[in-house]
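# Chain and residue survey
Residues per chain are reported as follows:
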Amino acid sequence: MRAQTLTREREQPPGRFGIDALGERWRWATPSRLTWIAFGFMLAGGAAFLLHLTRGTTLWFDDWLWALYRRSGTHSLLTPYNDHFSLVPILIYRLLFATQGIGSYVPYRVLITVGHLLCVTLLFVYARRRVGDYLALVAAALLLFLGPGWQNILWPFQIAWVLSVAAGIAALLALDRRDLPGDGAACLLLAISLACSSVGVAVAAGLVVAIAWERRNWRNAWIVALPIGLYIVWSLAYQDASLRSNGIFDIPLWAARSAAGAVSSLLGLSGQTTSDQQGTILEFGVPLALVGLVGALLVAFRRGLRPRVAALVTMALAFWALTAAGRSFIGGTPFASRYLYVDAAFVLLVAVEVAQGVRLGRPALVLVGVAGVAAVVSNLGVLREAGGYLRSQAPVARADLGALEIGRTHLQPGYVANQFPGYPFVVVRAGAYFAMKRSIGSPAYSASQLPAAPEPALEVADGELIRVYRLALTPGPAAAVGLGSPPRIDAVTGATVVPRGRCVAYRPAPITTTSESVTITLPPSGVSLRGTAPITVSVRRFGQLFHPVATLQGGASARLSVPADQAATPWHVQVQSLGPAVMCGA
């Protein structure tokens, strides 16, 4: 018997058992698992890219208002922010304030990145159940790298809107279960969406249609009735919505432009930059949106309008109606980045729902893949520009706060930093800032760090310090020769400068222009000036740009001095005059 077995084994073709072993080894690599592996690599690469883009950033715009004025107090938890019920994001921010402070922005950057990846993952799961692995990967990639929606991708404050969208998609997935745990989860997720931002109102409108049309049973109404009822109670108690009747008439045009913006943004044809909100959105978006609408109508005509399609369309229309009625009358635009992200998410949901059951041939699938890659590559450029913009804002904020630190002893609590990025929408009062610093820290540059900041940030710091110290000429008699430290000459342009004891005599060239000037280092005790012609006095400290502070009339004398502070960097004074002048140590 043993001999017969060995004989059969010898008769097998060479390598037979090696091939079987290889097949066993790779049997785990099913299409489903490979899809998830590809999706995982896409998420990991996207996360690394987005975190790289936001390196070196700090709090921006509304972040500061929450840190300054909403980091504590029970009343502010329920008080609307820009008409939004922001309970969940405020709680998240307070947790970060309490545990991480604001010295480092890394936890906040991780927060928005994780929130965005969650939204992309839920979209992928939703699409995969309807259009398969390949098209679901394309849809997820389009949202993951949606450059025109950069505010909701790179700015942590927009976690409120991202979570509203994510909770809405998760609620739709929960309803797909059609069981009590799924219904309970949908109810809770709708409550979370409403407690994050007013995007939840649009989500609620869509879920009402979904429950009413799909279930056709009033006993299921509790799924949406409970969270909507709580939201109405909150709204009656706290909200003063800024809806205007004239904004209602803007809804049709707003909705059409929003749809066009979503389509062109998803396909990488928005042409947007951080300084140009419109770009080429309407040039490409309008015809593409019309083509998509006609296609959707043809599918609906052949197969009938499915309840879920109606629910998703209701979400999109409700969002566009709310934003038009609430923002158009104050000059808002449907092409704002935070709107485009939500628009694109809803359009993708509608698209995958309409495409459910549609079979595409291999050439069409290849075309979709190529178009998706091209759109992602185009939108990566928009994301890079947006990241650069946020990185450029951070040093300016740090430098301006550093100026407040340097001049702290000369500030009143009500002093407002009008050089701060975002002013006058972002109002940083000295008293509120220093209270915030004691509580959760500050990312401000120290006096020793400030000189190494980028030039635009240094110019902002100089401008703020000029306001803090109220730099101006003080009228008075000219200083006598021999008093005070002599000014140190830094540069002379088109003039002659002659030292005279503790003074410097300035005389312009015989043929005068407007470029004659002398630059001196301001002595610690200040400098007195006197001239026969008007003298324009400008100052700088950390930056290279001189800021005009006063003009001294001819024949008059005045003094310029700056209080001592903790910064070792001296002030520099530029004097411009068409006539002779004398500068002495005060």
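Residues numbered from 1 in each chain as written. Predicted model: local features only at pLDDT ≥ 70, side-chain atom pairs only at ≥ 80, totals over all residues. Heavy atoms only, no water.

### Things to note about the sheet that holds strand β6 (residues 527–531)
Strand-to-strand pairing in sheets goes through backbone hydrogen bonds, with the strands running parallel or antiparallel. Across the sheet, six strands lie side by side as β1-β9-β6-β11-β4-β3; this open sheet has antiparallel pairing. The open sheet terminates on both sides in strands that have one partner only, identified here as β1 (474–475) and β3 (495–500). Two strands pair when backbone bridges link them, and strand β4 (residues 503–508) and strand β11 (residues 581–585) are joined in this way by four bridges, in the antiparallel orientation. The partner of Val-504 across the bridge, within β11, is Met-583. (Pairing = 2+ DSSP bridges. Helix = DSSP H or I, 4+ residues; strand = E, 2+ residues; numbered from the N terminus.)

### Side note on a nonpolar patch on the surface
On the surface, Val-286, Leu-290, Leu-293 and Leu-297 cluster together into a nonpolar patch covering about 370 Å² of accessible area. Inspection of the secondary structure puts Val-286 in helix α16 (residues 281–303). Overall, the relative accessible area of 36% leaves Val-286 in the partly exposed class. (Patch = residues over 30% accessible without salt bridge, like charges linked within 9 Å, V, L, I, M, F, W, Y side chains within 5 Å. Areas by Shrake-Rupley, 256 points an atom, 1.4 Å probe, with all protein chains shown as cover. Salt bridge = Lys/Arg side-chain N within 4 Å of Asp/Glu carboxyl O. Buried < 20%, exposed > 50% of the residue type's maximum accessible area, 1.4 Å probe, protein only.)

### With respect to the sheet that holds strand β2 (residues 488–493)
Pairing within the open sheet is antiparallel, and its five strands lie in the order β2-β5-β10-β7-β8. Edge positions in the sheet fall to β2 and β8 (547–552), since each of these pairs with one other strand and no more. Shown here is a sheet whose adjacent strand axes are inclined to one another by a mean of 20°, direction ignored. Across five bridges, the pairing between β2 and strand β5 (residues 517–521) is antiparallel. Pairing of Val-492 across the sheet is with Val-518, part of β5. Contacts from helix α21 (residues 455–469) reach β7 (535–540) and β8 within the one sheet, and its direction differs from that of β8 by about 40°. (Axes fitted to C-alpha atoms, helices over the stretch in contact; angles between N-to-C directions. Contact = heavy atoms within 4.5 Å.)

### What about the state of the cysteines?
Scanning the model with the defined rule gives one disulfide in all. Across the disulfide, Cys-503 is cross-linked to Cys-584 (sulfur-sulfur distance 2.0 Å). Between Cys-503 and Cys-584 the disulfide shows an S-S torsion of about 110°. By sign, it is right-handed. One end of the pair, Cys-503, is in strand β4; the other, Cys-584, is in strand β11, with 81 residues separating them in the sequence. By relative accessible area, Cys-503 is classed as buried at 3%. The thiol of Cys-196 is unpaired, and the distance to the nearest cysteine sulfur, on Cys-119, comes to 11 Å. Accessibility expressed as a relative area gives 0% for Cys-196, which makes it buried. (Disulfide = S-S within 2.5 Å.)

### Some points on the pattern of salt bridges
Per the stated rule, a full pass over the model turns up 12 salt bridges. The shortest N-O distance in the salt bridge between Asp-490 and Arg-488 comes to 3.8 Å. In this structure, a network of salt bridges that share partners links the residues Arg-130, Asp-176, Glu-214, Arg-306, Arg-308 and Glu-353.

### Focus: the side chain of Thr-57
As for its placement among the helices and strands, Thr-57 is situated in the loop between α3 (31–53) and α4 (62–69). Accessibility expressed as a relative area gives 7% for Thr-57, which makes it buried. Each residue touching Thr-57, except ones within four places of it in the same chain, is listed here: Tyr-105, Arg-109, Leu-390, Arg-391, Ala-394 and Arg-398.

### Some words on the confidence of the model for the protein chain
Note that predicted coordinates carrying low pLDDT should not be read in detail. Across the protein chain, pLDDT averages 90, with 91% of residues at or above 70. Within the model, pLDDT remains below 50 along residues 5–12, and this stretch shows one contact once partners closer than five positions in the same chain are excluded. (pLDDT = per-residue confidence, 0-100.)

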